[in-house]
Amino acid sequence: MRNLLAGAGIRTARLNAEELAATSLTIAPDGRTVRLNGRELIPTVTWIRHFAPTALDPAAFDPSSFDPGAFDPTALGPASPVADTAGTPRGAFLRDSWQAAAAQLAAISGTAVRPDRPGVLCQLDLARRHGVAAPRAVLTTDPHHVRDEFDSPRVVVKAAGHHFVEPVPGRLHGIFPTVLDRADLAGGPRPGPPVIVQEYVEHEAELRVYFVGGQLHAFEVTKTAPADPWTAPDRLGVRALPSPPPAVAAATRTLAAAMSLRYGAFDFLLSAGTPVFLEVNPDGDWRWAERRTRTTPVTVAVAAMLAALHRAAL
């Protein structure tokens, strides 16, 4: 995508969360300018994707960076004789500060493409209110308490938030959806973390639809388990569609407008020909689908969208 934008005469710069210890950044809102690693920039479009503060390694930072002149770091506690880690006040301060910096960078840009999205339950409710079918779902810390609230023989249990956690910078762990018999929903002596329990919808097809600045690009996905895209990519089947079915296209456009999205990766099931909305990820990846189909429609569409936003911000 960077090469496509460069071919259109548009310069790009990346700010990677795992490289922040070596990043020099100054944001001057009066002139809407940015100095990033010595480059003077006037950002026209900022797209925040996968900028996770958990990828930041506090131990990589110079401890003296917590004593910049008049700034008093004593409120963070005494300096440790060993390198700071994510579990220390300094580690938490670093992560919060860089998250705030990313938001400020987006704020001074001509246009920002943000990953803001409603939670899964809110998304499903929004779909139903706009006439789009959606499975019944609840959020609970006690899955066994809700098994009698579903009519379907099977349910899907999935994360209430992101599917990935990064307890140690550079070590990503997946918390993947699981399909269970409803009777097998287990409970423990104490409540667990909040999870989504959702009815399993019998279906003849699963679709991933990318909404990119008004364009739609669809892929049919075949898998034996919800976690296949991450844990068993070799058995994942992906087929590029010339266009999504009309009812899916209409549902995608309706929900993208309702959520004010410029970009989103939408997941649908086709059940007896009716699209059933599962969720949308406003920073969802697309290269896995393109690699499996040896196509690049989403990459081209994303580059075109960013180029159009860049020109509109000049």
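Scroll up to find the structure.
This structure is a prediction, so every number in the text was calculated from the model and none was measured.

Moving on to a positive patch on the surface. On the surface, a cluster of positive charge is contributed by Arg2, Arg11, Arg14 and Arg39. Judged by its relative accessible area of 62%, Arg11 falls in the exposed class.

Another aspect to go through is the pairing of strand β12 (residues 205-212). Across the 8 residues that make up β12, a large majority, 8, are buried. Residues of β12 alternate between two faces, with Ala205, Leu207, Val209 and Phe211 on one and Glu206, Arg208, Tyr210 and Val212 on the opposite face, all of them buried. The pairing of β12 with strand β13 (residues 215-222) spans 7 bridges and is antiparallel. Paired with Val209 across the bridge in β13 is Ala218. Connecting the antiparallel pair β12 and β13 is a turn made up of 2 residues, with Gly213 showing a positive phi of about 55 degrees.

To continue, consider unusual backbone geometry. Phi is positive for Arg32, close to 55 degrees, though the residue is something other than glycine. Its place among the elements puts Arg32 in the loop between β1 (25-28) and β2 (33-36). Even without a glycine there, the phi angle at Asn37 is positive, about 50 degrees. As for its position among the elements, Asn37 is in the loop between β2 and β3 (39-41). Residue class for Asn37 comes out partly exposed when judged on its relative accessible area of 47%.

About the cut-offs
- Residues numbered from 1 in each chain as written.
- Predicted model: local features only at pLDDT ≥ 70, side-chain atom pairs only at ≥ 80, totals over all residues.
- Heavy atoms only, no water.
- Patch = residues over 30% accessible without salt bridge, like charges linked within 9 Å, V, L, I, M, F, W, Y side chains within 5 Å.
- Areas by Shrake-Rupley, 256 points an atom, 1.4 Å probe, with all protein chains shown as cover.
- Salt bridge = Lys/Arg side-chain N within 4 Å of Asp/Glu carboxyl O.
- Lys, Arg positive; Asp, Glu negative; His and termini not counted.
- Charge placed at Lys NZ, Arg CZ, Asp CG, Glu CD.
- Buried < 20%, exposed > 50% of the residue type's maximum accessible area, 1.4 Å probe, protein only.
- Helix = DSSP H or I, 4+ residues; strand = E, 2+ residues; numbered from the N terminus.
- Pairing = 2+ DSSP bridges.

These values are about where atoms sit, not about what they do.
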